[in-house]
Each structure stands twice: as structure tokens, then as C-alpha cells.
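Coordinates in review
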Amino acid sequence: MAKVRSPNYPMLDLGAALQAARKAYANDHRNKMSRIVLAKHLGHDSLSGPALGKIGALRAYGLIDGNADEIRITNEAVHALEAPEGSAERATAISQLALRPKLFQDIRKDFLGTVSPDNLRFWLIKRDFVPEAAEKAAKTYLATMRLVDGGAQAYNSGDEPEKQETPSMNSSAQTPLKDLLDRPASSFKAPSMLQEVFNLDEGPVTLTFPASLSADSYEDLKDHLDLFLRKAKRQADKAAAERYGRNPDEE
């Protein structure tokens, strides 16, 4: 049976993502980086699942941009990392970054004030999250909002972290978080979707994705599919070996 997948959400809260971005910034500043170099800055030797998850989180918050071998730390990330603690510049940058993920925008549309973890978890489950993913996504969102509410004091740039190109929000580049929250729900529009059907030997497979998917996000999707392909091939080879009583490594 195929594993049920929940909608996308950042695997890191914004505080942890900023700490991860600081490592890349400390090593390469605003220079161009490849994904593998960025993964190494984040503590990984290859583009593994955890490495891609961290890179995806940095991209979701708008901390990095660029394609393939031309990934850079964004200006917004530099403002959040370098602005003096307690300054309006740092607070504004953090507020802007916090609402970059589409899921977080959707949550804020329905919960303009404080929301309890249990209430948010149930809200996510009703939107096709499996319980475990709903628990993690709720914690990520609430930790991010605590960072916004606490300002720069809630972000310790010296700590280690515990643990998809998103649409641009240039129209709100100078808009504080409180003003964003006052916007009507209609101002946050869900992206139009595209659907493709691929006919395989085992049957048709349907993929649905946003029509506005960026070149960066296509690159990230390709990395995830390549990783999945390698895992699937290993599992298929192992199953064949067990079925026919042979060792695939000896072939």
C-alpha cells in the first residue's frame, strides 16, 4: 500500500532555518553555491532526504533563491541575520519571512490571533495531514509565530538548530506582520493547479502541482524524485533477490 503523504510544510521552524542559513552565510556569504555545497554547510555529506528537507525549508521561508549551482543567500535573510538585535529592521525581516510558506498564510487566514496546538492540529488533519505530520507542522508554525511575537530576543544566533520555491511577496516587502494579518482572506489566493497523467506498466499515475511552480522548485522536485528512484530501485532489487534466492550485489 502506498504511503499517504501530507501537504508540504517546512521541516524547520523559522528560528532553526535562520540558524541553518547562518552557517551557509558564514561560509560563503552571498556567493553562489551548488545544492551539494549548501548541504555540506548544513552538516550533510550528500543530498539526502534530511538535507533536501532543510534546503526546502530555507527556500520556503525565502532565505535562499537561485537555480542548481547558483543558489544564494537572499537579501531578506541577510537583514534578519545582520540587523542589530532588538532593531525594527530585524523584527520586520523576521515578520516578512515568517509568512512566506503558503501553509502559514492559510493558517493565518483562519486564525488571526492565538491558536492552541490541539486546535491547529485538528485544522491540519481536516486538510489531509496525517496525524504525525499535523503534529510536526503545528509545532513548526507555532514556534515560528513565537519568534515573530518575541522579535529578535527569541532568536539566539549562536545556538545549534534542534533539528518549495514559494511565491514572491514583494508587494508586502515593507509590510509588518500585524498589517499582513489584517488583510482580507481574498487577498491570499490559492495557486491554480496543473495535472498530468503518466501511463506506466502498472497503471496510470496522476501528478498535480501548482501552475506557478518556479524553476527552483522544479529543481528541488527533481532531486526528491531522483532520491525516491534510487530507494525504489534498491527495494526492487532486494525483493527480486529474496524471490529468486540470489544476491543482487554478486551480479
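Whatever comes next refers back to the structure up there.
A brief look at the structure comes next. Remember, predicted model here, so these are calculated numbers, not experimental data. (Residues numbered from 1 in each chain as written. Predicted model: local features only at pLDDT ≥ 70, side-chain atom pairs only at ≥ 80, totals over all residues. Heavy atoms only, no water.)

Attention now goes to the packing of aromatic side chains. What the rule picks out here adds up to four aromatic pairs. Taking the centre distance of 6.1 Å and the plane angle of 55° together, the rings of Tyr-61 and Phe-104 count as tilted. Of this pair, Tyr-61 sits in the loop between helix H3 (49-60) and strand E1 (64-65) while Phe-104 sits in helix H6 (residues 102-110), and the two are 43 residues apart along the sequence. Both residues of the pair, Tyr-61 and Phe-104, belong to the buried class. Relative to Trp-123, the ring of Phe-111 has its centre 6.0 Å away and its plane inclined at 70°; by these criteria the two rings are edge-to-face. Note that Phe-111 is positioned in the loop between H6 and helix H7 (117-125) and Trp-123 in helix H7, a separation of twelve residues in sequence. Comparing Phe-111 with Trp-123 shows no difference in burial state: the two are buried. These aromatic residues form a ring-pair network of at least three members: Tyr-61, Phe-104 and Tyr-141. (Phe/Tyr/Trp six-rings, centres within 6.5 Å; stacked < 30°, edge-to-face > 60°. Helix = DSSP H or I, 4+ residues; strand = E, 2+ residues; numbered from the N terminus. Buried < 20%, exposed > 50% of the residue type's maximum accessible area, 1.4 Å probe, protein only.)

Taking 1.5 Å of rise per residue, the 15 residues of helix H1 (residues 14-28) would be expected to cover 21 Å, and the 21 Å separating its terminal C-alpha atoms lies within 8% of that figure. Of all 15 residues in H1, eleven are buried, a share of seventy percent or more. Those residues of H1 not exposed but buried are Leu-14, Gly-15, Ala-16, Ala-17, Leu-18, Gln-19, Ala-20, Ala-21, Ala-24, Tyr-25 and Asp-28. Capping the start of H1, Asp-13 holds a side-chain oxygen 2.9 Å from the backbone nitrogen of Gly-15, two or three residues further along. Where H1 ends, the next residue or the one after it, His-29, has phi of about 50°, a positive value. (Expected span 1.5 Å × (residues − 1). Polar contact = N/O pair within 3.5 Å; in protein donor to acceptor, adjacent residues only side chain to side chain.)

Moving on: the side chain of His-41. Of note, His-41 is situated in helix H2 (residues 35-41). For His-41, the contacting residues outside a window of four places in its chain are Lys-23, Ala-24, Asn-27, Asp-28 and Met-33. (Contact = heavy atoms within 4.5 Å.)

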